[in-house]
Amino acid sequence: MSIFNFNSHKFFVALPFGLIFLVNILITQMKGFDYSGQLALSSGLAGILATILIFHCDIQILMKEKKVIPEMLSRGTYIILMMMIVFIFAINAFNLVHIYPYINSILALSAGAMAMSELLLSALLKVGEIKAWIFFRSLVPLSLIVLVGNEVSPQLSWLFSYVGPLMLTVLYLIYVKNPHIYFRNLPIKPLGINQSTFILSATLTTLLANLMVLFWLIVIDIKLGEFQAGIWINAYRIFALPYVFIGATFVPFFLSKTGDSIDEFNKSQLLLKFIYFLLMVFGVFSPILYFFGNKIFLLFSQQGYELDQYFVGMIIFICFFQTVMQHLKYFFETLRKSLLFLFMLIFQLCVGYFIVMTISTESLNSIVEIILLITTFAFAIFFIMLFFILKIKNS
C-alpha cells in the first residue's frame, strides 16, 4: 500500500491532531491571547523535555520490527522515570524557577506523562491498533478543554490532560489487550557505541527541530510579552495547519515504510514523492492563506486582532519552511545522516540567538522578519544537503 494513497486509516490517524487544533482555537476564544500564550509555553517546554526523556524510543518502535516493542517499552520506561527524577531534583536543587517561571516540577511531571504517552501510543500504532490510538490520543485535547473551562491554571491543565489518558492507556494494554505483546520481563540490552551515538544524535535532532518554534515563542514572550507571544503562536498554528495535517496523516506510515525497507534507493524515491506532494500543497494553500489569512485568523481567534498583509506573507513561508524541515528530518535518520541535520539546526539556533539578543526591537513584525531570514537560510542549507545526499544515493 502506498503511503500516498489517501485511505480512511490515514485520515482517521490525523483526526486527533485536527482536534488539538480546534481545542487550541477554542481556548484562545475563551481565554484570549495571554492565556493561550502561557499554555503554549507550558506545552512547548514540556514537549521539549519529553523529547529528551523518551530518548527516541517512540520513533525506534515505529521504525523497527514489532518484536522489539517489549524491549523498547522497557528501555523507554526506565529512561523516562530515571531522567524525570533527575530533572525534578535539578529544578529544585538549582532553583531554576527563578531563571524562568515555567521551569518547575510541574514541567518535569508533564514531560514524563507526555513521554510515556507517546511511547505507548507508538506501540499501539505499530501493531495496527488504529482505533485505540485515535481514542487515547483524542482524550488529551478533550481533557484539556474541560480543565481550562474549569479555570485550572495552564501548567496544571497541561499536566492533568495527559495523566488521565495515560492511566487509561495502561489499563487498556494490561486488561483489555494481551499484555505479553507489549510488556515482558526482558533484560535490557546495553547499547553499543554506534547505536548510542545514532540514538543520541537523532534525539538531539528531534529536540532542536521542535525547539525552533518554542525558541521564537520564548524570545517574543521575553521581548514583547505574553499577548504578542499568543498572537505569534496562534498565527503559526493556523497557517501551519495544512502541513501539520499532512505530517500527521503520512509521516507515521512514511516512517514505518522507510524503516522496514533496506533499499536506500526506494527510500529516496519515497522522499522525493513526499517533497513533491508538500510543494503541491504549498502551491494550493499559500495563495488562499495570503489573500484570506487575516479573515481566517479573525474567525478562529475571535479576539478582534487583525494581521497586516506583510506579517501574513512572512508567516506563510516560515510555516512551510519549518514544518517541511521537521517532517523530513526523519529521512536523514533512516539514512543515518542525523549528525548533518543536527549541525544545521545548531547553526540555525546559534545564529538566531545571536541576532535576536543583540538587536533591540519592540515590534512583532521586526522579530518575524528575523525569523523569516534565519529560517529561509536554514531551509536553503537543508535542501543543499538533501540534494547531495539524494545524488549520491541514486548514483
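Above this text you will find the structure in question.
Just so you know, these numbers come straight off a predicted model, no measurement behind them. (Residues numbered from 1 in each chain as written. Predicted model: local features only at pLDDT ≥ 70, side-chain atom pairs only at ≥ 80, totals over all residues. Heavy atoms only, no water.)

K.L.:
How do you make sense of the overall build of the protein when you look at a structure like this?
P.N.:
If you tally the helices and strands in the protein, you get 12 helices and 0 strands. Scanning the protein from its N terminus toward the C terminus, one meets helices and strands in the order α-α-α-α-α-α-α-α-α-α-α-α. Taking all 395 residues of the protein together, the buried fraction comes to 54%. Working note: accessible area of the protein is about 17700 Å², and carbon and sulfur atoms make up 70% of it. (Helix = DSSP H or I, 4+ residues; strand = E, 2+ residues; numbered from the N terminus. Buried < 20%, exposed > 50% of the residue type's maximum accessible area, 1.4 Å probe, protein only. Areas by Shrake-Rupley, 256 points an atom, 1.4 Å probe, with all protein chains shown as cover.)

K.L.:
Sorry, what's going on with the nonpolar core here?
P.N.:
Soluble globular proteins tend to bury their nonpolar side chains together. With 131 residues, the main nonpolar core has W232, F239 and L386 as its most contacted residues. The residues contacting W232, other than those within four sequence positions of it, are V213, W216, L217, I220, I315, I318, V368 and I371. (Core = buried A, V, L, I, M, F, W, Y, C linked by side-chain atoms within 4.5 Å. Contact = heavy atoms within 4.5 Å.)

K.L.:
What am I meant to see in the side chain of S286 here?
P.N.:
As for its position among the elements, S286 is in helix α9 (residues 264-301). Within polar-contact distance, the side chain of S286 engages the backbone oxygen of F282 at 2.6 Å. (Polar contact = N/O pair within 3.5 Å; in protein donor to acceptor, adjacent residues only side chain to side chain.)

K.L.:
Please explain helix α4 (residues 105-126) as it appears in this structure.
P.N.:
It helps to recall that an α-helix has 3.6 residues per turn; residues three or four apart then point in one direction. In a regular helix each residue adds 1.5 Å, so 22 residues correspond to 32 Å; α4 covers 32 Å between its end C-alpha atoms and thus fits that length. Of all 22 residues in α4, 18 are buried, a share of seventy percent or more. Its side-chain oxygen placed 3.2 Å from the backbone nitrogen of I106, N104 serves as the N-cap of α4. Looking at the residues trailing α4, positive phi occurs at G128, about 85 degrees. (Expected span 1.5 Å × (residues − 1).)

K.L.:
Help me out: how do you make sense of the packing of α4 against helix α5 (residues 130-149) in this one?
P.N.:
Any two packed helices are characterised by the angle at which their axes cross and by the distance between the axes. Interhelical geometry of α4 versus α5 gives an angle of 155 degrees and a closest axis separation of 8 Å. Comparing their axes, α5 and α4 come out roughly antiparallel. Two packed elements cross with a definite hand, and for α4 against α5 that hand is left-handed. Taking contact as the criterion, the partners of E118, L121, L124 and L125 in α4 are, on α5, I130, A132, W133, F136 and R137. In terms of residue class, the contact of α4 with α5 is made up of 7 nonpolar, no polar and 2 charged. (Axes fitted to C-alpha atoms, helices over the stretch in contact; angles between N-to-C directions. Parallel < 35°, antiparallel > 145°, perpendicular 65-115°, else oblique. Left-handed = near helix turned anticlockwise from the far one by under 90°. Nonpolar A, V, L, I, M, F, W, Y, C, P; charged D, E, K, R; others polar.)

K.L.:
Just to check I follow, could you spell out the pattern of salt bridges for this structure?
P.N.:
If charged atoms from side chains of opposite charge come close, those side chains can pair. Considering all chains together, one arrives at 3 salt bridges under this definition. Here E151 makes a salt bridge to K31, at a shortest N to O gap of 2.8 Å. Of the two residues, E151 sits in the loop between α5 and α6 (154-176) while K31 sits in helix α1 (residues 8-54), which places them 120 residues apart along the sequence. The exposed category is assigned to E151, whose relative accessible area is 62%. The partner of R75 in a salt bridge is E71, and the shortest N-O contact between them spans 3.1 Å. Of the two residues, R75 and E71 are both situated in helix α3 (residues 69-93); the distance of 4 residues between them amounts to about one turn of the helix. (Salt bridge = Lys/Arg side-chain N within 4 Å of Asp/Glu carboxyl O.)

K.L.:
Would you mind going over the packing of aromatic side chains with me for this structure?
P.N.:
Considering all chains together, one arrives at 23 aromatic pairs under this definition. Consider the rings of F227 and Y305, whose centres lie 6.1 Å apart with planes at 75 degrees: the pair is edge-to-face. Residue F227 is located in helix α8 (residues 226-260), and its partner Y305 is located in the loop between α9 and α10 (309-334); the two are separated by 78 residues in the primary sequence. Note on F282 and F320: the rings are 4.3 Å apart at their centroids and 35 degrees apart in plane angle, and the pair reads as tilted. Taken as a pair, F282 in helix α9 and F320 in helix α10 lie far apart in primary sequence, 38 residues in all. Residues F282 and F320 agree in their burial class; the two are buried. (Phe/Tyr/Trp six-rings, centres within 6.5 Å; stacked < 30°, edge-to-face > 60°.)

K.L.:
Can you help me understand unusual backbone geometry in this one?
P.N.:
It is generally the case that most residues other than glycine have a negative phi and that most peptide bonds are trans. Positive phi values are uncommon outside glycine, yet N95 reaches one of about 50 degrees. Its place among the elements puts N95 in the loop between α3 and α4. Given the relative accessible area of 36%, N95 is considered partly exposed. The phi angle at E151 is positive, at roughly 65 degrees, despite the residue not being glycine.

K.L.:
Honestly, the side chain of N234 in this entry has me stumped. Any pointers?
P.N.:
For N234, the position within the fold is in helix α8. Relative accessible area serves as the criterion here: at 1%, N234 is assigned to the buried category. Side-chain polar atoms of N234 contact the side chain of T28, separated by 2.7 Å. Residues contacting N234, with those up to four places away along its chain left out, are N24, T28, F33, S36 and F297.

K.L.:
Which parts of the structure should I look at to understand a nonpolar patch on the surface?
P.N.:
Judged by side-chain polarity, M280, V284, F285, I288, Y290, F291 and F292 come together as a nonpolar surface patch covering roughly 700 Å² of accessible area. By the secondary structure assignment, M280 is in helix α9. (Patch = residues over 30% accessible without salt bridge, like charges linked within 9 Å, V, L, I, M, F, W, Y side chains within 5 Å.)

K.L.:
How should α5 be read in this particular structure?
P.N.:
For α5, with 20 residues, the first-to-last C-alpha span of 29 Å sits near the 28 Å given by 1.5 Å per residue. When you tally the buried positions in α5, you get 14 out of 20 residues, the bulk of the element. Downstream of α5 by a residue or two, E151 has a phi angle that is positive, lying close to 65 degrees.

K.L.:
Explain the environment of F215 to me, please; I cannot follow it from the model alone.
P.N.:
Counting through the fold element by element, F215 comes out in helix α7 (residues 193-224). Considered as a pair, F215 and Y353 are 138 residues apart in the sequence and their alpha carbons are 8.7 Å apart. The contact partners of F215, leaving out residues within four places of it in the chain, are L349, G352 and Y353.

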